[in-house]
Amino acid sequence: MRAKVVLLGLAVIGGASFLSLASGADDSGSEQARIARGFQIAPVKLKLKGRNRDLVGLGSYIVNAQGGCNDCHTNPPYKEGGDPFLGQPEKINTDGYLAGGTPFGPEIVSANITPDDEGKPAGVTYQEFKKYLRNGHDPDDPDELLQVMPWPVYGKMTDHDLRAIYEYLSAIPSIGPHEEE
């Protein structure tokens, strides 16, 4: 009886693994799987020359599958007819991807986090980017804390993950004007 239970358990696990592979899902959680998935889901053409390919892929995974950055930093986040919250097949607004402009009340507007002319996301260095995500101080007014940006959550990420996000953001197309430092 015990052997039958063990065999049945192995068959169920094997069947679930087969179904996972057949559906294209990879539940291994390995960094390589997340990197590969990041490249699959990147909604824009990436500039990889001179960049760490693995960090770009991982950053895409974090930004597009975990962070929800598009929801606030793209206005509107979806193309007309492509809003999954309305039951439509998802179509990211690639024309405004991560270029900011989403209002949150009368005084707060999401920032453009695409690269500036020097290739720096949101016009900041990696050290500045990491500092803002760790302590939540507004880059435009260091005495103020960011009120909408979920920096208390993102600030808990590892330095490696924050570096990956920064590397990804440096690889996306630059869109529109950037704030002067």
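Look up a bit, the structure's there.
Residues numbered from 1 in each chain as written. Predicted model: local features only at pLDDT ≥ 70, side-chain atom pairs only at ≥ 80, totals over all residues. Heavy atoms only, no water.

(A) Seen up close, the side chain of Asn 70. Inspection of the secondary structure assignment puts Asn 70 in helix 4 (residues 69–73). Asn 70 gets classed as buried once you look at its relative accessible area, which sits at 6%. For Asn 70, the side chain forms a polar contact with the side chain of Thr 74, separated by 2.6 Å. A polar side-chain atom of Asn 70 sits 3.1 Å from the main-chain carbonyl oxygen of Pro 77. With sequence-adjacent residues up to four places away left out, Asn 70 is seen in contact with Pro 77, Tyr 78, Ile 92, Tyr 97 and Leu 98. (Helix = DSSP H or I, 4+ residues; strand = E, 2+ residues; numbered from the N terminus. Buried < 20%, exposed > 50% of the residue type's maximum accessible area, 1.4 Å probe, protein only. Polar contact = N/O pair within 3.5 Å; in protein donor to acceptor, adjacent residues only side chain to side chain. Contact = heavy atoms within 4.5 Å.)

(B) Structural view of the environment of Gly 100. The residue Gly 100 is located in the loop between helix 4 and strand 1 (103–104) in this model. We classify Gly 100 as buried; its relative accessible area is 10%. A C-alpha to C-alpha distance of 6.3 Å links Gly 100 and Asn 75, two positions 25 residues apart in sequence. If we ignore the near neighbours within four places in the chain, the residues touching Gly 100 are His 73, Asn 75, Ser 110, Ala 111 and Asn 112.

(C) Geometry of helix 3 (residues 53–67). A rise of 1.5 Å per residue sets the reference length of helix 3, with its 15 residues, at 21 Å; its end C-alpha atoms lie 19 Å apart and thus fit the reference within 8%. If you check which residues of helix 3 are buried, you get Leu 55, Val 56, Gly 57, Leu 58, Gly 59, Ser 60, Tyr 61, Ile 62, Val 63 and Gly 67. The inward-facing, buried residues of helix 3 abut helix 2 (31–41), helix 4, helix 6 (151–154) and helix 7 (159–171). At the N-terminal boundary of helix 3, the capping side chain belongs to Asn 52, with an oxygen 3.0 Å from the backbone nitrogen of Asp 54. Looking one or two residues past helix 3, Gly 68 carries a phi angle of roughly 65 degrees, positive in sign. (Expected span 1.5 Å × (residues − 1).)

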